[in-house]
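Residue-level listing of the chains:
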Amino acid sequence: TRSSRPQRLLSVVKKRAAHGDPQSVISAIDYFCRHNEWAMNVGDEKGCILDSVVSELNPERVLELGTYCGYSTIRIARILPPGARLITLEFNPDYAAIARQVIAWAGLEDKVQLVEGASEDWIPRIKEHFGIETFDFVFLDHWKDRYLPDTKLMEECGLLRKGTVLLADNVICPGVPDYLQYVRSSPSYESYYFKSHLEYTQAEDGLEKSVFLG
Ligand SMILES: Nc1ncnc2c1ncn2CCOCCNC(=O)c1cc(-c2ccc(F)cc2)cc(O)c1O
Ligand SMILES: [Mg+2]
């Protein structure tokens, strides 16, 4: 049967990117998705905004919701300080299997822990399972109707501290209206919208950066 889109992405990475070179993996994926076949990676334009938010924060403990093929996982992991750790949750086992190989090809497996399962099942177990108190940075890029309930769940589970930064992808396209309304009106968050475009297209999209105030 025909290969899957994630399988085609992995084969492009193995053919075009240098093993152990995260930037070449990022460039190979972006070239393929722009010129051959669109895929739902955060992409190069929003990816540069992601890079700037992460490098300004220098987070030690990072959570990513929604791994897909690991594109944003390696964008984040490649600029983390030594000793920093990224936990990424992926629901789809086929995506997870591809993401593990993409992360390994980039040589970043020591900084990344990929966990398979639904965010709502894993978020309440992160503290005791990973021995983590709170996260410094959370990247939301999973089911758009899970952004809000999972943010409230992270609050309830004490995974956020004063200053924790949430960065949400796709706040315009596909859109997360309930999440946006919450972080922009809640006194517990200071929010900022980075206007950009949907990956590899000219459609509007953007990232919402929200600082938890405790
Ligand atoms: N751990 C977990 N717990 C729960 N659920 C989980 C999970 N891990 C994964 N999932 C499942 C969902 O994963 C993928 C979510 N991402 C998107 O759907 C997405 C869609 C578009 C898009 C598509 C079509 C258009 F026309 C225009 C835009 C663009 C994007 O940038 C997107 O990120
Ligand atoms: Mg996305």
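Thresholds applied
- Residues numbered from 1 in each chain as written.
- Chains lettered and ligands numbered in written order.
- Predicted model: local features only at pLDDT ≥ 70, side-chain atom pairs only at ≥ 80, totals over all residues.
- Heavy atoms only, no water.
- Core = buried A, V, L, I, M, F, W, Y, C linked by side-chain atoms within 4.5 Å.
- Buried < 20%, exposed > 50% of the residue type's maximum accessible area, 1.4 Å probe, protein only.
- Helix = DSSP H or I, 4+ residues; strand = E, 2+ residues; numbered from the N terminus.
- Contact = heavy atoms within 4.5 Å.
- pLDDT = per-residue confidence, 0-100.
- Pairing = 2+ DSSP bridges.
- Right-handed = clockwise from strand over helix to strand, strands pointing away.
- Donors = N, O, S within 2.8 Å, 3.2 Å for Na, K, Ca; no water.
- Axes fitted to C-alpha atoms, helices over the stretch in contact; angles between N-to-C directions.
- Parallel < 35°, antiparallel > 145°, perpendicular 65-115°, else oblique.
- Nonpolar A, V, L, I, M, F, W, Y, C, P; charged D, E, K, R; others polar.
- Phe/Tyr/Trp six-rings, centres within 6.5 Å; stacked < 30°, edge-to-face > 60°.
- Lys NZ or Arg CZ within 6 Å of the ring centre and 35° of its normal.

Undergrad: How do you make sense of the nonpolar core when you look at a structure like this?
TA: Most often, soluble globular proteins keep nonpolar side chains buried together rather than apart. With 42 residues, the main nonpolar core has V25, I29, L50, I74, I76, F137 and F139 as its most contacted residues. If you list the elements that add at least two residues to this core, you get α1 (5-16), α2 (22-35), α3 (43-57), α4 (71-77), α5 (93-105), β3 (112-116), β4 (135-140) and β5 (160-168). Not counting the four nearest positions on each side in its chain, V25 is found in contact with V13, A17, I74, V102, W105 and A106.

Undergrad: I keep staring at the confidence of the model for the chain and nothing clicks. Help me out?
TA: Regions with low pLDDT carry predicted coordinates that are not meant to be interpreted in detail. Per-chain confidence: the chain averages 98 in pLDDT, with 100% of residues scoring 70 or above. Per the prediction output, this complex has pTM 0.98; the corresponding ipTM is 0.97.

Undergrad: Help me understand the pairing of β3 in this model?
TA: A regular strand places its side chains so that they alternate between the two faces of the sheet. Two strands pair when backbone bridges link them, and strand β2 (residues 85-90) and β3 are joined in this way by five bridges, in the parallel orientation. Bridging from a neighbouring strand, L89 pairs with V115 of β3. In the classification by handedness, the crossover that spans β2, the intervening α5 and the parallel β3 is right-handed.

Undergrad: Please explain the coordination of the magnesium ion (ligand 2) as it appears in this structure.
TA: Ideal values differ by geometry: the angle at a metal is 109.5 degrees with four tetrahedral donors, but 90 or 180 degrees with six octahedral donors. Those protein atoms acting as donors to the magnesium ion (ligand 2) are D141 (OD), D169 (OD) and N170 (OD1), and they sit at 2.0 to 2.2 Å. Here the donor residues for the magnesium ion (ligand 2) map to a single chain with the spacing D-x27-D-N. With a gap of 28 residues between them, D141 in the loop between β4 and α8 (147-156) and D169 in the loop between β5 and α9 (171-175) connect regions that are remote in the sequence. Taken as a pair, D141 and D169 share a single burial class, namely buried.

Undergrad: Looking at this structure, how should I read the packing of α8 against helix α10 (residues 177-185)?
TA: In a packed pair of helices, the relevant descriptors are the angle between the two axes and the axis-to-axis distance. With their axes 8 Å apart at the nearest point, α8 and α10 run at an angle of 40 degrees to one another. Relative to α10, the element α8 lies oblique. Note on element contacts: α10 touches α8 through D178, Y179 and Y182, opposite Y147, L148, T151, K152 and E155. Residues belonging to the contact of α8 with α10 are distributed by class as follows: four nonpolar, one polar and three charged.

Undergrad: What exactly am I supposed to notice about the packing of aromatic side chains here?
TA: Describing an aromatic ring pair means giving the distance of the ring centres and the angle of the ring planes. As enumerated under the stated definition, the model contains seven aromatic pairs in all. Relative to F130, the ring of W122 lies with its centre 6.0 Å away and its plane at 45 degrees, an arrangement referred to as tilted. Considered together, W122 and F130 belong to a single accessibility category, that of buried residues. Here the aromatic cluster, defined as three or more aromatic residues joined through ring pairs, consists of Y182, Y189 and F212. It is K152 that lies over the ring of Y182; its NZ or CZ is 5.1 Å from the centre.

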